[in-house]
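Here is what each chain is made of, one letter per residue.
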2 protein chains.
Amino acid sequence: MTVRDVEGRRRAVIEGVEPQVDGGRYPAKRCLGDAVVVEADIFTDGHDLLAGVLLYKRADADSWMEEPMAALVNDRWRGQFVVDELGPWVFTVEAWVDAFKTWRRDMEKRIAAGQDASVDYLIGADLIDSAAGRASARDAQQLLDTAAVLRDTSRASEFQTIALDPRVTALMARYPDRSVCTRYERELRITVDPVRARFSAWYEFFPRSTSPVPGRHGTFRDAETWLPYVAQMGFDVLYLPPIHPIGLTFRKGKNNSVKAEAGDVGSPWAIGASAGGHKSIHPDLGTPEEFRSFVGKAREHGIQIALDIAFQAAPDHPYVKEHPQWFRSRPDGTIQYAENPPKKYQDIYPFDFETEDWEAMWRELTSVFLHWIEQGVEIFRVDNPHTKAFPFWEWAIAAVKRRHPQVLFLSEAFTRPKVMYRLGKLGFSQSYTYFPWRHTKQEITDYFTELTQTGVREFFRPNHWPNTPDILTEFLQTSERPGFMLRFLLASLLGANYGIYGPTFEQMVNAPLRHGSEEYLDSEKYQIHHWDLQKPDSLAEFIALVNRIRRENAALQNDHSLRFHNVSNDQLLCFSKQSPDGSNLVLVVINLDPHHTHTGFVELPAAEFGIEDTRAYQMHDLLTGARYIWHGSRNFVEVNPLSVPAQVFRVLRRMRTEQQFEYFL
Amino acid sequence: MTVRDVEGRRRAVIEGVEPQVDGGRYPAKRCLGDAVVVEADIFTDGHDLLAGVLLYKRADADSWMEEPMAALVNDRWRGQFVVDELGPWVFTVEAWVDAFKTWRRDMEKRIAAGQDASVDYLIGADLIDSAAGRASARDAQQLLDTAAVLRDTSRASEFQTIALDPRVTALMARYPDRSVCTRYERELRITVDPVRARFSAWYEFFPRSTSPVPGRHGTFRDAETWLPYVAQMGFDVLYLPPIHPIGLTFRKGKNNSVKAEAGDVGSPWAIGASAGGHKSIHPDLGTPEEFRSFVGKAREHGIQIALDIAFQAAPDHPYVKEHPQWFRSRPDGTIQYAENPPKKYQDIYPFDFETEDWEAMWRELTSVFLHWIEQGVEIFRVDNPHTKAFPFWEWAIAAVKRRHPQVLFLSEAFTRPKVMYRLGKLGFSQSYTYFPWRHTKQEITDYFTELTQTGVREFFRPNHWPNTPDILTEFLQTSERPGFMLRFLLASLLGANYGIYGPTFEQMVNAPLRHGSEEYLDSEKYQIHHWDLQKPDSLAEFIALVNRIRRENAALQNDHSLRFHNVSNDQLLCFSKQSPDGSNLVLVVINLDPHHTHTGFVELPAAEFGIEDTRAYQMHDLLTGARYIWHGSRNFVEVNPLSVPAQVFRVLRRMRTEQQFEYFL
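The residue numbering used here restarts from 1 in each chain and proceeds along that chain's sequence as written. Chain A is the first chain written and ligand 1 is the first ligand written, with later ones labelled in order. Per-residue local features are limited, in this predicted model, to residues with pLDDT of at least 70; the limit for side-chain atom pairs, both in listing and counting, is 80 or more; totals at the level of whole chains, interfaces and linings are taken over all residues. Side-chain numbers here rest on the full set of heavy atoms in the structure, without hydrogens or water.

Participant: Mind showing me how you'd approach the sheet that holds strand β20 (residues 462-463) of chain B here?
Facilitator: Strand pairing in a sheet is mediated by backbone hydrogen bonds. Such pairs are either parallel or antiparallel. Strands are labelled as partners when DSSP assigns at least two bridges between them. Secondary structure is summarised from DSSP: a helix means a run of H or I of at least four residues, a strand means a run of E of at least two, and numbering begins at the N terminus for each. Read from one edge of the open sheet, 8 strands run β20-β19-β18-β17-β12-β11-β10-β21 (chain B), paired in parallel fashion. The sheet is open, and its two borders are formed by β20 and β21 (497-501) of chain B, each paired with just one other strand.

Structure below.
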């Protein structure tokens with residue numbers, strides 16, 4: 001019966017520390033400038049009072065910084081610290097039984113009860129003397145003087161005042177006895193990303209479709225001419241499908257036909273040809289210099305370029321010759337093409353993550369990101385990360401972010417929920433979501449509650465897309481302009497991060513490859529389009545308005561504050577978001593039915609929103625400019641999808657009344 | 001950019017392993033013979049199939065045992081193992097990408113699609129050859145022969161049959177390639193206790209009140225004469241308040257008066273006098289031999305004796321002189337008595353868990369348990385564990401259970417929820433609960449759902465008491481016989497572990513010390529009572545009936561299967577429990593109103609219960625013997641509290657019909 005290596009006098013207990021992902025195995029995600037709110041259960045045996053502090057630092061810093069924690073209710077404590085540098089941070093919690101705080105509380109009760117407490121004052125004097133030993137010279141003298149009074153029975157009339165003196169309390173709080181404090185058994189990690197990881201509006205286009213001349217292959221120079229259009233709509237990330245040379249062997253033709261015709265341009269995701277692989281640029285798009293110029297011009301418009309990185313090779317990819325061991329070979333000597341039996345994708349060779357040479361392959365694939373970072377790219381959309389080994393992503397993302405903590409990775413994994421979440425845990429900054437397939441009020445409420453109000457939000461940052469080159473939903477195929485508008489509003493207002501694939505989206509292209517398919521007819525994945533950006537019925541101006549509302553309302557720049565509210569109509573969805581300081585409050589009512597006007601009563605948590613029951617407040621519809629006077633927690637709404645399928649209210653809680661006029665006072 | 005120490009080819013992912021308490025920091029609790037059901041999220045990149053196994057062993061065993069895991073839905077896997085020895089066990093999970101399973105699945109699709117798969121058969125042959133290298137000599141030959149056929153184009157007509165042959169599949173499953181398998185990063189712990197930890201009926205009495213002669217101090221010999229009474233009621237744990245010498249200094253008188261009169265016996269919780277301390281027996285109760293005889297007699301009645309261990313000292317306790325450093329001294333040289341200012345408890349000295357001599361004190365306190373274990377005691381009810389330092393409990397309980405894994409500890413902590421839960425995590429086998437103060441249907445449903453259907457159930461085993469010597473609830477004070485019966489039914493049917501303090505309870509003593517107090521008038525805590533166990537209106541027979549029902553119905557011997565069901569009346573509470581194999585199903589309907597008859601419609605999950613919509617089934621009320629024929633999921637109930645305030649149905653699902661008669665077939 002040996003006592004193990006513990007300090008048995010550590011009476012404070014710390015548990016349930018949040019944020020914490022999988023018992024501390026993965027970091028939680030925050031953005032530059034965020035206040036990281038940390039909560040913990042802190043308690044001890046018996047009735048003694050405690051003190052607790054939050055310890056935090058950059059992961060590579062030598063020493064901890066401290067912030068005090070304060071008790072909430074039910075043994076829950078809270079503290080916070082601000083992350084003011086990108087990269088990895090760590091935090092933990094320390095707590096101890098605070099003898100002086102306990103003594104002071106007890107003295108208050110003894111004094112109130114009129115008890116003889118002469119011995120207890122001596123106990124206080126001992127505590128104060130002991131604190132003097134930990135104090136600065138000046139404070140020490142003050143403490144010793146105070147203790148001396150408490151020992152001087154001739155000054156007994158002063159004892160009560162000293163025991164309850166807030167200056168003594170404050171001084172003592174500066175010099176607690178932490179010799180047997182408890183430190184939480186884990187250091188928990190935080191990854192700090194640029195703010196754009198939390199708040200971004202993405203636009204995707206095919207640069208080869210940007211030529212002003214119909215039928216001609218667009219170039220980066222052509223794409224530059226689209227930048228003002230994208231910027232005017234208010235997007236801040238412009239994402240390009242793969243820009244590399246496209247394979248010839250087994251090249252797919254228009255509408256994914258198995259045999260390409262002469263002149264067919266192929267799919268950008270069939271990467272690699274004699275002109276190069278993942279670090280090369282398709283010769284028809286331009287030169288590396290032209291690409292860097294395009295990236296620079298975009299930056300002038302406040303737009304970051306995001307590249308699509310798809311780790312797979314066309315049969316003509318240089319890797320296939322240079323590193324055949326990175327692919328699986330078949331008994332007949334051929335290389336294993338992608339397959340989902342009985343479907344064969346002979347234009348694509350997947351990497352073999354079980355290769356013995358995995359280490360060299362990991363290094364090379366990671367160097368692809370580093371290559372494009374050198375060209376000015378800081379955001380990557382990663383194609384199908386869930387078909388590559390998970391350990392690779394954890395290592396590769398960490399390796400890139402160690403050098404370039406500002407870099408963001410968007411996970412394009414439309415797969416099972418736990419797989420999608422795993423990629424978030426491993427380091428992806430943002431992730432595509434099931435949003436395209438969530439339509440009813442119940443579906444949307446359930447899904448967004450899971451994403452924003454559970455532990456998922458610590459590691460999974462949703463990026464919602466109403467359409468992509470792979471996804472033209474049945475809803476968009478059939479719901480016309482109001483449908484496109486409402487799906488756009490849902491994506492951009494429910495989500496602080498969202499994106500659209502255009503000009504397909506704003507021009508409301510809705511013809512599927514065939515009935516029952518989510519593929520576009522004449523998809524840009526396999527052929528070049530020519531676009532008239534001035535098309536009169538385009539949603540471009542509406543999109544610009546919504547993006548302006550997002551930029552002007554801090555409430556819409558986070559997901560964690562999302563709350564759904566009751567409306568007495570299942571076709572009306574009502575939700576709110578707030579800025580972290582609560583000053584900006586936006587309430588959205590969306591009509592989910594693109595065909596009919598709906599009305600209902602909205603119920604708001606008036607008290608929580610700072611709305612007084614007896615006072616009117618103003619609702620300012622930011623889409624139409626209309627202003628409404630509401631009263632209390634229950635108010636009427638009516639939304640006609642044929643004009644605008646939503647009302648996006650800024651809530652103006654403090655309306656002047658005559659009582660605030662000067663002459664009323 | 002160095003690749004850290006990983007095996008990059010490990011593609012299987014394991015996470016979300018349950019049961020797991022606080023990220024594996026604490027063990028989950030199970031009982032001897034339990035099947036430990038383990039679930040985990042297991043998945044990999046892409047579409048490949050996986051295999052997973054559960055690894056488990058006694059904590060001190062050298063090698064792992066294995067059970068296969070099977071996929072449920074949504075990447076969740078499940079396996080189980082039986083714990084057939086007391087003490088600590090560990091488990092973890094291993095998984096790997098199963099190349100042969102994947103190949104076989106793909107072959108099935110290729111064959112169905114009529115594809116040319118000649119090269120794929122060769123891939124299969126390679127996999128089979130490789131498995132032969134891992135196989136037993138006999139199996140290896142069979143595998144080599146099979147592979148040889150797949151390479152022999154002259155036997156191509158047999159290829160399909162071989163690929164899909166379940167014997168080949170089964171053989172291959174025995175020799176998987178686990179060279180790059182993933183093992184979950186933690187070993188999770190299980191504490192295995194005797195079954196009594198899960199299923200027990202406790203009875204508490206004061207042995208000094210067992211004398212047949214009014215006014216005389218009862219002895220263990222007297223207490224022996226009560227054993228048949230306790231056994232007939234069906235209790236299996238008999239718990240005694242502290243049996244040690246009682247202090248004289250500041251002894252409390254009757255009804256907790258500050259000054260004892262001559263002849264007052266004092267509180268058993270004021271432990272220690274010249275006759276000894278925590279390892280001694282009060283001379284008036286008997287000798288150590290008589291105590292051991294009492295323990296032995298109880299065992300003959302199927303009853304285990306539980307002792308109350310209260311770690312605190314009366315001023316006369318030998319520890320105070322022998323180890324003054326274990327108590328806090330005040331500046332005036334006196335020892336600090338227990339205090340909750342302005343209240344003073346001068347008859348009690350608390351131990352100082354911040355003493356520099358904590359290690360010696362931990363050892364001595366732990367030896368108290370070991371002492372009583374030597375006397376035959378295997379269950380301890382620990383008084384106010386939440387006023388002793390938490391690290392002590394974790395160490396002391398582990399130290400005792402390392403030598404005596406059969407020993408159980410009941411935590412008597414009526415305090416804040418997180419503190420109570422912490423004690424469970426640290427090792428207490430059972431815990432008192434808030435049950436005495438949960439009365440309405442909503443309160444009961446919420447509380448028992450938290451206890452039995454959340455992670456709490458892994459570490460916190462509730463033991464529900466309708467009364468204790470400290471708790472005579474307002475409800476019991478005012479609700480008469482039906483109230484006592486319904487509180488008894490709730491405790492003993494909602495909880496597999498429960499207890500009563502008697503004969504106070506069964507004799508329905510309900511006079512409080514004063515209005516608004518939960519203390520008993522003339523409490524046995526401070527004076528000797530004389531009881532007539534044959535009191536005609538006693539609930540003893542009713543209690544015996546309920547305990548018999550509990551013993552005869554495995555459903556009532558666990559808490560994890562508890563489910564509440566809708567009843568169309570807020571005064572009726574309906575719940576069910578099942579045996580682990582589902583064969584025993586008990587449905588309880590309790591009238592929470594002790595004054596009026598209530599009726600309502602009960603709604604059952606018919607399908608889950610194996611009840612066919614079109615077939616009648618029988619409900620057998622085990623309290624009254626009445627039988628009812630029910631149909632479907634909605635049935636009428638009526639409960640009159642003045643006869644019996646509940647119906648306790650055994651559900652008999654398989655009623656014979658004429659179609660089962662022999663001549664009908």
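Participant: Would you mind going over the relation of the copies chain A and chain B with me for this structure?
Facilitator: Least squares is used to superpose the copies, and the fit set is the C-alpha atoms of residues whose pLDDT is at least 70 in both copies. Least-squares fitting of chain A to chain B yields an RMSD of 0.1 Å, with the superposition described by an axial translation of 0.0 Å and a rotation of 180°. Both chain copies can therefore be described as sitting about a two-fold axis. Taking C-alpha positions as reference, the residue of chain A nearest the rotation axis is Gly-23 of chain A, located at 2.4 Å. The residues that chain A uses at the interface reappear at the interface of chain B in 100% of cases, marking a shared surface. Should any heavy atoms of two residues lie within 4.5 Å, those residues are counted as being in contact.

Participant: Whenever I open this one, the packing of aromatic side chains confuses me. Can you help?
Facilitator: Each aromatic ring pair is characterised by the separation of its centres together with the angle its planes make. Here the aromatic set is Phe, Tyr and Trp, taking the six-membered ring for Trp, and pairing holds for ring centres within 6.5 Å; pairs whose planes are under 30 degrees apart are stacked, those over 60 apart are edge-to-face, and all others are tilted. Inspection of every chain in the model, using the stated rule, returns 104 aromatic pairs over all chains. Aromatic pair Phe-311 of chain B and Phe-392 of chain B: ring centres 6.0 Å apart, planes at 75°, arrangement edge-to-face. Residue Phe-311 of chain B is found in the loop between β12 (304-309) and β13 (312-313), and its partner Phe-392 of chain B is found in helix α10 (residues 390-403); the two are separated by 81 residues along the sequence. Of the two residues, Phe-311 of chain B and Phe-392 of chain B, neither departs from the other in class, the shared state being buried. Connected via pairs of aromatic rings, a cluster forms that spans Phe-311, Phe-353, Trp-358, Trp-362, Phe-369, Phe-380, Phe-392, Trp-393, Trp-395, Phe-409 and Phe-428 of chain A. Each ring is checked for a lysine NZ or an arginine CZ that lies within 6 Å of its centre and within 35 degrees of its normal; such an atom marks a charge sitting over the ring. Over the face of the ring belonging to Trp-64 of chain A we find Lys-57 of chain A, whose NZ or CZ atom lies 5.2 Å from the ring centre. Sitting above the plane of the Phe-459 of chain B ring, Lys-425 of chain B keeps its charged end 5.3 Å from the centroid. Only protein chains enter the accessibility calculation, which uses a 1.4 Å probe. A residue is then buried if its area is under 20% of the maximum for its type, exposed if over 50%, and partly exposed in between.

Participant: So what exactly am I meant to see when it comes to the packing of helix α2 (residues 118-132) of chain B against helix α3 (residues 137-151) of chain B here?
Facilitator: Two packed helices can be described by the angle between their axes and the distance between those axes. Residues and elements named next belong to chain B. Axis definition: a line fitted to C-alpha atoms, over the contacting stretch in the case of helices. Angles run 0 to 180 degrees between N-to-C directions. Relative orientation of the contacting elements α2 and α3 amounts to 165°, with a least axis distance of 8 Å. By the angle class used here, α2 and α3 are roughly antiparallel. The way α2 lies across α3 gives a crossing that is left-handed. Between α2 and α3, the residues in contact are Tyr-121, Leu-122, Gly-124, Ala-125, Asp-126, Ile-128, Asp-129, Ala-131 and Ala-132 and Ala-140, Leu-143, Leu-144, Thr-146, Ala-147, Leu-150 and Arg-151, respectively. Under the scheme applied, nonpolar residues are Ala, Val, Leu, Ile, Met, Phe, Trp, Tyr, Cys and Pro; charged residues are Asp, Glu, Lys and Arg; polar residues are all the others, including Gly. Taken together, the residues that form the contact of α2 with α3 break down as 11 nonpolar, 2 polar and 3 charged. By definition in this entry, angles of less than 35 degrees are roughly parallel, angles greater than 145 are roughly antiparallel, angles of 65 to 115 are roughly perpendicular, and the rest are oblique. Each crossing gets its hand from how the near helix is turned against the far one by less than a right angle, where anticlockwise is left-handed and clockwise is right-handed.

Participant: Can you walk me through the environment of Glu-224 of chain A in this structure?
Facilitator: Residues and elements named next belong to chain A. Mapped onto the secondary structure, Glu-224 falls in helix α6 (residues 220-233). Of the residues examined, Glu-224 reaches a relative accessible area of 17% and is grouped as buried. Separated by 174 residues in sequence, Glu-224 and Leu-50 have C-alpha atoms that sit 61 Å apart. Not counting the four nearest positions on each side in its chain, Glu-224 is found in contact with Glu-290, Ser-293, Phe-294 and Lys-297. Within the structure, Glu-224 has its side chain in polar contact with the side chain of Ser-293 (distance 2.7 Å). A 3.5 Å cut-off defines polar contacts: any pair of N or O atoms within that distance qualifies, except that in protein one atom must be a possible hydrogen donor and the other a possible acceptor, and neighbouring residues in sequence count only when both atoms are side-chain atoms.

Participant: Is there a simple way to explain the pattern of salt bridges in this structure?
Facilitator: Charged atoms that come close allow side chains of opposite charge to pair. A pairing counts as a salt bridge when a side-chain nitrogen of Lys or Arg comes within 4 Å of a carboxyl oxygen of Asp or Glu. Inspection of the entire model under this criterion finds 107 salt bridges over all chains. Across the salt bridge formed by Arg-328 of chain A and Asp-352 of chain A, the nearest N and O atoms sit 3.0 Å from each other. Placement of the pair is Arg-328 of chain A in the loop between α8 (318-322) and β14 (338-340) and Asp-352 of chain A in the loop between β16 (349-350) and α9 (358-374), with a sequence separation of 24 residues. Given the relative accessible area of 41%, Arg-328 of chain A is considered partly exposed. A residue is classified by how much of its surface remains accessible, and Asp-352 of chain A, at 12% relative accessible area, is buried. Across the pair Arg-381 of chain B and Asp-383 of chain B runs a salt bridge, and its minimum N-O distance is 2.8 Å. The network of salt bridges with common partners includes Arg-11, Asp-45 and Asp-48 of chain A together with Arg-328, Asp-352 and Glu-354 of chain B.

Participant: Can you walk me through the nonpolar core in this structure?
Facilitator: Note on soluble globular proteins: their nonpolar side chains tend to be buried together. Residue and element names in this part refer to chain B. In this description, a nonpolar core means a group of buried Ala, Val, Leu, Ile, Met, Phe, Trp, Tyr and Cys residues linked to one another through side-chain atoms lying within 4.5 Å. By size, the foremost hydrophobic cluster in this structure holds 158 residues, and its most contacted members are Val-93, Leu-240, Phe-291, Trp-372, Phe-380 and Leu-623. If you tally residues by element for this core, the top one is helix α13 (residues 474-494), at 11 residues. Non-local contacts of Phe-380, meaning those with residues more than four positions away in its chain, are made with Leu-307, Ile-309, Phe-369, Trp-372, Ile-373, Val-407, Leu-408, Phe-409 and Leu-410.

Participant: Help me out: how do you make sense of the interface of chain A and chain B in this one?
Facilitator: As a measure of interface size, the accessible area lost when the parts come together is often cited. Between chain A and chain B, the contact holds 74 residues from the first and 74 residues from the second. Summed over both partners, the interface of chain A with chain B buries about 6600 Å², with 54% contributed by carbon and sulfur atoms. Taken together, the connections running from chain A to chain B amount to 18 salt bridges. Among the ionic pairs, Glu-354 of chain A bridges to Arg-11 of chain B, the shortest N-O distance being 2.8 Å. The term buried area means the drop in 1.4 Å probe accessible area that two parts suffer when joined, counted for both and summed.

Participant: Before we go on, may I ask you to explain the sheet that holds strand β29 (residues 646-652) of chain A in this structure?
Facilitator: All names here are of chain A. Taken in spatial order, the 6 strands of this open sheet run β22-β23-β24-β29-β26-β27, and their pairing is antiparallel. On the outer flanks of this sheet lie β22 (563-565) and β27 (627-631), each paired with one strand and no other. Going from strand to strand, the sheet's axes swing by 30° on average, the running direction of each strand aside. Relative to β27, strand β26 (residues 616-621) runs antiparallel, the two being bridged by 5 bridges. Directly across from Tyr-617, in β27, lies its bridge partner Trp-630.

Participant: Sorry, what's going on with the side chain of Ser-479 of chain A here?
Facilitator: Residues and elements named next belong to chain A. Take Ser-479: it is sitting in helix α13 (residues 474-494). A distance of 2.7 Å separates the side chain of Ser-479 from the backbone oxygen of Phe-475, its partner in a polar contact. With residues up to four places along the chain from it excluded, the contact list for Ser-479 reads Phe-484 and Pro-594.

Participant: It is not clear to me how the packing of helix α1 (residues 99-112) of chain B against α2 of chain B should be interpreted in this structure. Could you clarify?
Facilitator: All names here are of chain B. For the pair α1 and α2, the least separation of the axes is 10 Å and the interaxial angle reads 155°. Relative to α2, α1 is oriented roughly antiparallel. Note on packing geometry: the crossing formed by α1 with α2 is left-handed. Residues Ala-99, Phe-100, Trp-103, Met-107, Arg-110 and Ile-111 of α1 pack against Asp-120, Tyr-121, Ile-123, Gly-124, Leu-127 and Ile-128 of α2. The residue inventory of the contact of α1 with α2, partitioned by class, reads 9 nonpolar, 1 polar and 2 charged.

Participant: Sorry if this is basic, but what is going on with unusual backbone geometry here?
Facilitator: Of all residues except glycine, most have a negative phi; of all peptide bonds, most are trans. Residue and element names in this part refer to chain A. Here the bond from Glu-18 into Pro-19 is cis, since omega is 0°, no more than 30 degrees from zero. Relative to the helices and strands, Pro-19 resides in the loop between β1 (13-18) and β2 (28-31). Of note, the bond from Gly-502 into Pro-503 is cis; its omega dihedral lies within 30 degrees of zero at -10°. Residue position: Pro-503 is located in the loop between β21 (497-501) and α14 (540-552).

Participant: Is there a simple way to explain the environment of Phe-409 of chain B in this structure?
Facilitator: All names here are of chain B. With respect to the helices and strands, Phe-409 occurs in strand β18 (residues 408-412). In this structure, the C-alpha to C-alpha distance between Phe-409 and Val-237, residues 172 residues apart in sequence, is 12 Å. Once you skip the residues sitting within four places of it in the chain, Phe-409 turns out to touch Phe-369, Phe-380, Val-382, Ile-397, Val-400, Lys-401, Phe-428, Ser-429 and Gln-430.

Remember, this is a structural readout, not a statement about activity or role.
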